[in-house]
Amino acid sequence: LLLTMIGRIVDGLEAEKIGLVTRCVDDPMEEAMKVAKEIIERSPDSVAATKELFQSTWVADEDTCLKKETDLQMKLIATWNQVAASG
């Protein structure tokens, strides 16, 4: 809230320190490509479910979030993509 109210600009290292970003790297494009490669190695159904979970529960209460997560996990358990991705 403070950064929003006062409009202070922070650099990447400070953003990392205060939890606004996951990490800082010297080559963001190279890191993005590494992360993308990791994501495509995962079950496509799992990746889609993760996106759906975040999008549908962004402002939901805890009970709603947990129910949605459980519902999505139940749909994924023992599916071909999940089994194949787990090795």
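The structure under discussion appears in the preceding block.
Residues numbered from 1 in each chain as written. Predicted model: local features only at pLDDT ≥ 70, side-chain atom pairs only at ≥ 80, totals over all residues. Heavy atoms only, no water.

Asker: Hey, could you go over a nonpolar patch on the surface for me, with residue numbers and the actual values?
Answerer: Residues Leu1, Leu2, Met5 and Ile6 make up a contiguous nonpolar surface patch of roughly 520 Å² in combined accessible area. With respect to the helices and strands, the residue Met5 is situated in helix α1 (residues 2-6). Take Met5: its relative accessible area is 65%, and that puts it in the exposed class. (Patch = residues over 30% accessible without salt bridge, like charges linked within 9 Å, V, L, I, M, F, W, Y side chains within 5 Å. Areas by Shrake-Rupley, 256 points an atom, 1.4 Å probe, with all protein chains shown as cover. Salt bridge = Lys/Arg side-chain N within 4 Å of Asp/Glu carboxyl O. Helix = DSSP H or I, 4+ residues; strand = E, 2+ residues; numbered from the N terminus. Buried < 20%, exposed > 50% of the residue type's maximum accessible area, 1.4 Å probe, protein only.)

Asker: Could you give an account of the pattern of salt bridges, with specific residues and numbers?
Answerer: If you walk through the whole model with that rule in mind, you get 5 salt bridges. In this structure, Arg8 and Glu14 form a salt bridge, with 2.2 Å as the shortest nitrogen-oxygen distance. On the basis of relative accessibility, which here comes to 38%, the residue Arg8 falls in the partly exposed class. The closest approach of N and O atoms between Lys67 and Asp71, which form a salt bridge, is 2.9 Å. Highlighted residues: Lys67 and Asp71, both in helix α5 (residues 62-76), separated by 4 residues, approximately one helical turn.

Asker: Describe the environment of Glu14, and please don't skip the residues or the numbers.
Answerer: Along the polypeptide, Glu14 turns up in helix α2 (residues 12-17). Look at Glu14 and you get partly exposed, because its relative accessible area is 27%. Note: C-alpha distance between Glu14 and Cys24 (10 residues apart in sequence) is 9.6 Å. Reaching out from Glu14, the side chain makes a polar contact with the side chain of Arg8 at a distance of 2.2 Å. (Polar contact = N/O pair within 3.5 Å; in protein donor to acceptor, adjacent residues only side chain to side chain.)

Asker: If you had to explain the side chain of Glu31 to someone new, which residues and values would you point to?
Answerer: Relative to the helices and strands, Glu31 resides in helix α3 (residues 28-40). Only 2.7 Å separates the side chain of Glu31 from the side chain of Arg23, close enough to count as a polar contact.

Asker: Tell me about the environment of Glu30, and name the residues and values.
Answerer: Tracing the sequence through the fold places Glu30 in helix α3. Along the sequence, Glu30 and Ala15 sit 15 residues apart, while their C-alpha atoms lie 20 Å from each other.

Asker: Got a sec to walk through the packing of helix α4 (residues 44-57) against α5? Specific residues and values, please.
Answerer: Packing of α4 against α5 brings their axes to within 10 Å, and their N-to-C directions diverge by 165°. In terms of their interaxial angle, α4 and α5 are classed as roughly antiparallel. Between α4 and α5 lies a crossing whose hand is right-handed. Contact with α4, carried on its side by Asp45, Ser46, Ala49, Glu52, Leu53, Ser56 and Thr57, involves Cys65, Lys68, Glu69, Leu72 and Leu76 of α5 and no other residues of that element. Here the contact of α4 with α5 is built from residues that sort into 5 nonpolar, 3 polar and 4 charged. (Axes fitted to C-alpha atoms, helices over the stretch in contact; angles between N-to-C directions. Parallel < 35°, antiparallel > 145°, perpendicular 65-115°, else oblique. Left-handed = near helix turned anticlockwise from the far one by under 90°. Contact = heavy atoms within 4.5 Å. Nonpolar A, V, L, I, M, F, W, Y, C, P; charged D, E, K, R; others polar.)

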